[in-house]
Amino acid sequence: MGHALSLAEHAIGLTDPNPRVGCVIVAADGRLLGQGHTQAAGQAHAEVMALRDAQARGESVQGATAYVTLEPCAHHGRTPPCCDALIAAGLGRVVAALEDSNPQVAGQGMARLRAAGVQAEWVEDPALSTAARELNLGFLSRMQRGRPFVRMKMAASLDGRTALENGVSQWITGPAARQDGHAWRKRAGAVLSGIGTVRDDDPRLDVRLVDTVLQPMRVIVDSRLEISPAARLLAPPGQVLLCHALESLEGHAMAASLREKGAELISLPGPGGKVDLPALLDELGRRGINELHVEAGHKLNGSLLRAGLVDELLVYLAPLLLGPGRELAALPALSQLDQAQPWQWQECTPIGEDLRLRARPLRD
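Since the structure is predicted, the reported quantities are computational estimates derived from the model, not experimental observations.

## Topic: the overall build of the protein chain
Working step 1: Regarding its fold elements, the protein chain presents 11 helices and 16 strands.
Working step 2: What you see for the protein chain is a C-alpha radius of gyration of 23 Å, in line with the 21 Å of a compact globule of 364 residues.
Working step 3: Reported as C-alpha extents along the three principal axes, the dimensions of the protein chain are approximately 65 × 50 × 35 Å.
Working step 4: Counting only residues that meet the buried cut, the protein chain has 51% of its 364 residues in that class.
Working step 5: For the protein chain, the proportion of contacts with a sequence separation of at least 24, taken over those separated by at least 6, is 70%.
Working step 6: Summed over its atoms, the accessible surface of the protein chain is roughly 16,800 Å², and 51% of this surface lies on carbon and sulfur atoms.
Working step 7: For the protein chain, the distance from the average position of its 37 positive side-chain charges to the average position of its 41 negative side-chain charges is 3 Å.

Right under this line is the structure:
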C-alpha cells in the first residue's frame, strides 16, 4: 500500500477533478504483477492502469491481490466502474485504504466486489489510511461539503510581516521556499487572490517552478471589477474567473475587454458591496475544484479567516525581522486571549533557509 500511495502522488497536477489514486497488483508470493495511477479526467483510473501494466508484462492476475489507495469506483462516469474491471480480471483480493466519499460509490465498490466473490477489505494500518486521506483532502471536501479544501499560503518574516510599509515583498523568503510554494500551487484546482494583490504585485499565479500537466484556474475577488485588461494573470495558460459584486455590467468600460482576454466574469454580491465568499466556495465546488490555494493580501486573508473558511495555513517563515509593515491577515482586535482562533500544528519543516509551517483549525 505504501508503494500504491507513492504512485498516487504522481497523479497530483494531472487528475483533477478526479481523486489521486494508486494501485499495485501482487502475486501470492508478493511479486509485483502490475502498477499504475489515475490518469487525466476521462482517461483510465489506477486499477485499469495496473491491469494494463500486468498485461503488458505478460502476467496473469488470476487470484492476485490489488492494493488500491481509494475504494474502486462502482458507477459509470466518463469511464466504466473499476470494481467491474477487477472482477472481470479474476482478482482474488482487493485491499483499499479509504472509502470513496462520492455518494455514487461510498461503500458500493467494496460491496460489489464481495458480491462477486472477491475478498474485499480495508487496510489495517491507520497511518496508511491517513496518508490516502491527505492525498485527497480536496476531493473528500468537495464530496462531503460541496466546496474545496481551502489552503492559505503566506510568506512572512519572524515578526509576521508579509511586506514592508511601502508594499515591497519580493523576496522575503528564499528560492527553495518559492519553488516549494509552486509545488503546493500544483496541488490546487484553483488559485485565489484579490484585486489588491493584483494591483500591487501584478502576479501570474500560475505554476512555473515545478512541472505540471494542468494549470490551476486563477480566481480573483474584485468586488468593483477594477482589474486592468493588461494584468499579467489574464495571459495564458489556464482559465481566469473574475468574481465581482456588481448587479449589472451594463456600461462597464472594461467588461468587454476582459472577456476578450478570455476571462469569465461572475457576479456574487454579498453584504457591504463585497463578494460573497461562502457563495464563491460553493461555486468553485460546483465547478469541480478540489483544492483552493489562496495567495492574497491581508484584507482578503482576514475576510476568509474571520468567516471560518480556511482549512489550512501554509506559512513560510523567513529568518528576518522587518519592523513596521503589512500583516499576515487583517483580524479584529481582541480584548482577551480566550477569544483567539485556536489552530493545531501539522508540520514544521526547514525549506532552504526558511521554515514551512502548516496548521489546521481546531473545530468542534
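## Notes on the sheet that holds strand 3 (residues 65–68)
Working step 1: Ordered in space as 2-1-3-4-5, the five strands form an open sheet in which the pairing is mixed. A single partner strand is all that each edge strand has here, and the edge strands are strand 2 (32–37) and strand 5 (119–122). Across the sheet, the mean angle from the axis of one strand to that of its neighbour is 15°, orientation sign disregarded.
Working step 2: Sheet analysis places strand 1 (residues 22–26) next to strand 2, joined by five bridges and oriented antiparallel.

## Observations concerning the packing of helix 1 (residues 2–9) against helix 5 (residues 126–135)
Working step 1: Running from amino to carboxyl end, helix 1 crosses helix 5 at an angle of 10°, the nearest separation of the two axes being 11 Å. Classified by the angle their axes make, helix 1 and helix 5 are roughly parallel. Between helix 1 and helix 5, the contacting residues are Gly-2, Leu-5, Ala-8 and Glu-9 on the first element and Leu-128, Ala-131, Ala-132 and Leu-135 on the second.
Working step 2: Classifying every residue of the contact of helix 1 with helix 5 by side-chain character gives six nonpolar, one polar and one charged.

## Notes on the side chain of Ser-223
Working step 1: When you line up the elements, Ser-223 lands in the loop between strand 9 (217–221) and strand 10 (240–244).
Working step 2: Residue class for Ser-223 comes out buried when judged on its relative accessible area of 11%.
Working step 3: A distance of 3.4 Å separates a polar atom in the side chain of Ser-223 from the backbone nitrogen of Val-275.

## Comments concerning unusual backbone geometry
Working step 1: In this structure, the amide linkage connecting Asp-16 to the following residue, Pro-17, adopts the cis form with an omega of 5°.
Working step 2: Positionally, Pro-17 belongs in the loop between helix 1 and strand 1.
Working step 3: Cis geometry marks the peptide bond from Pro-236 to Pro-237; its omega dihedral reads 5°.
Working step 4: Of note, Pro-237 is situated in the loop between strand 9 and strand 10.
Working step 5: With a phi angle near 45°, Asp-202 is a residue other than glycine that sits in the positive phi range.
Working step 6: Structurally, the position occupied by Asp-202 is in the loop between helix 8 (195–201) and strand 9.
Working step 7: Its relative accessible area of 29% is what places Asp-202 among the partly exposed residues.
Working step 8: Phi angles above zero are rare outside glycine, and Leu-205 is one such case at about 60°.
Working step 9: With respect to the secondary-structure elements, Leu-205 resides in the loop between helix 8 and strand 9.

The rules we used
Residues numbered from 1 in each chain as written. Predicted model: local features only at pLDDT ≥ 70, side-chain atom pairs only at ≥ 80, totals over all residues. Heavy atoms only, no water. Helix = DSSP H or I, 4+ residues; strand = E, 2+ residues; numbered from the N terminus. Rg over C-alpha atoms; globule rule 2.2 N^0.38 Å. Buried < 20%, exposed > 50% of the residue type's maximum accessible area, 1.4 Å probe, protein only. Contact = heavy atoms within 4.5 Å. Areas by Shrake-Rupley, 256 points an atom, 1.4 Å probe, with all protein chains shown as cover. Lys, Arg positive; Asp, Glu negative; His and termini not counted. Charge placed at Lys NZ, Arg CZ, Asp CG, Glu CD. Pairing = 2+ DSSP bridges. Axes fitted to C-alpha atoms, helices over the stretch in contact; angles between N-to-C directions. Parallel < 35°, antiparallel > 145°, perpendicular 65-115°, else oblique. Nonpolar A, V, L, I, M, F, W, Y, C, P; charged D, E, K, R; others polar. Polar contact = N/O pair within 3.5 Å; in protein donor to acceptor, adjacent residues only side chain to side chain.

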